[in-house]
Amino acid sequence: MASAEAIAKLETKAVAAEKLIQLLRQQISQVKAAQAGQGSGGGAAFSQEIVQLREENSQLKSDVETWKAKLSAAEVTNGKNVFCAPAKSDEKPKEVKAEAAPTAATEGKEKKVKADKPEKAPKEKKEVKKEDDTPVDIGRLDLRVGHIRKASKHPDADSLYVEEIDLGEEKPRTVISGLVKFIPEEEMQDRMAIILCNLKPSKMRGIMSEAMVMCASTPEKVEIMAPPAGSKPGDLVQVDGYTRNPDAQLNPKKKIFEACAPDLKVNDTKQATYKGVLWTVNGQPVTSQTLVGVQIK
């Protein structure tokens, strides 16, 4: 950075240059006046002197501009006000153009956003209508035959079994059931059952349960619902009069299973029913072992 002393010297030189220019202008005026008074005889000498003075004047002007530029640079560097105002530039038109460009781009983006919004809305409305139009009945439940390959007690819950169930899929599913108090562990091995397959998976004491075993149930006794003899894993449960159209996954907020549950019952002949209509697999009824007139849960 330039020192204060250097700036003071520059200011002094600039002022001296301005005074010298004024003095030269006065001399030129005096020469012109003398030339006019003396006539044409001495005109050549005076003309030569005027030319010389003009050359000196131009040189001095150039020197003054140079010193002004140096002084301005020094003042800017030291944080002082500029001694001489800078020449005007064409910066304003450039700023206007720079502002105009993003405005046009912004308008283009806004048009694109407005054009995209109407395309998404109709799709969402159509999907909602399809869900609302589907009746809430047993046809929404994905009931299938499953083979309980093995079952063991949950490591962190005394009342739960962890079961491995074959549903005719690529991999068996893990299912958690609260049957320890009702069914001995040895009776849980290698047996057929009816499984509700489209519940939302949920963790039970740290293990994810991917389905539910359907049982005839009372507070004192629980029995696993049995498919007819000859059934295979993955065979579908049908109910006459109700189109089988299960959701991929039941939405817990819709409470579809809860709406159907009161009508899932075992009749007086140990057969599973929905609103009095039999559950069947390959045309044969699903049954309990001994319980009658109870709910299926």
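What comes next concerns the included structure. Here the residue index of a chain counts from 1 through its sequence in written order. For a predicted model such as this one, the threshold for reporting local features is a pLDDT of at least 70, and the threshold for listing and counting side-chain atom pairs is 80 or more; totals across whole chains, interfaces and linings nevertheless cover every residue. To obtain the side-chain values, all non-hydrogen atoms of the structure were used and water was disregarded.

## A few points about the pattern of salt bridges
Part 1: What counts as a salt bridge is simple: a side-chain nitrogen of Lys or Arg found within 4 Å of a carboxyl oxygen of Asp or Glu. Across all of its chains, the model carries nine salt bridges by this definition.
Part 2: Notably, a salt bridge pairs Asp 142 with Arg 244, separated by 2.6 Å at the nearest N-O pair. Remark: Arg 244 occurs in the loop between β10 (238-239) and α4 (256-260) and Asp 142 occurs in the loop between α3 (91-133) and β1 (143-153); sequence separation between them is 102 residues.
Part 3: For Arg 244, a relative accessible area of 22% puts it in the partly exposed group.
Part 4: Here Lys 221 makes a salt bridge to Glu 223, at a shortest N to O gap of 3.4 Å. Secondary structure elements are taken from DSSP: a helix is a run of H or I of four residues or more, a strand is a run of E of two residues or more, and numbering for both begins at the N terminus. Accessible area is worked out with a 1.4 Å probe on protein chains only. A residue is then buried under 20% of its type maximum, exposed over 50%, and partly exposed in between.

## Observations regarding empty space enclosed by the protein
Part 1: In this analysis the probe radius is 1.4 Å and the grid spacing 1 Å, with only protein atoms considered; a cavity is a set of points the probe fits into but cannot get out of, a pocket is an open set with protein on both sides within 12 Å along at least five of seven lines, and lining residues have an atom within 4 Å of a point. Grid points are joined across faces, edges and corners, and a volume is the space filled by probe spheres set on the points. Scanning the model with the defined rule gives one cavity of 30 Å³ or more in all.
Part 2: Taken as a whole, the largest cavity encloses approximately 80 Å³ of empty space.

## A few points about the sheet that holds strand β3 (residues 173-177)
Part 1: Any two strands are treated as partners once DSSP identifies two or more bridges connecting them. The strand order β3-β2-β1-β4-β7 describes an open sheet built from five strands, whose pairing is antiparallel. Of all strands in the sheet, those with a lone pairing partner are β3 and β7 (212-213), marking the two edges.
Part 2: Of the strand pairs in this sheet, strand β4 (residues 191-196) and β7 are connected by two bridges, and their pairing is antiparallel. Bridged to Leu 196 within β7 is Met 212.

## Observations regarding the pairing of strand β2 (residues 161-166)
Part 1: In terms of burial, β2 is largely enclosed, as five of its six residues are buried.
Part 2: Pairing analysis gives six bridges linking β1 to β2, with the strands arranged antiparallel. From the neighbouring strand, Lys 150 faces β2, where its bridge partner is Glu 164.
Part 3: Here β2 pairs with β3 via five bridges, running antiparallel. Looking across to β3, one finds that Glu 163 is bridged to Val 175.

As far as function goes, none of this settles anything; it's purely spatial.
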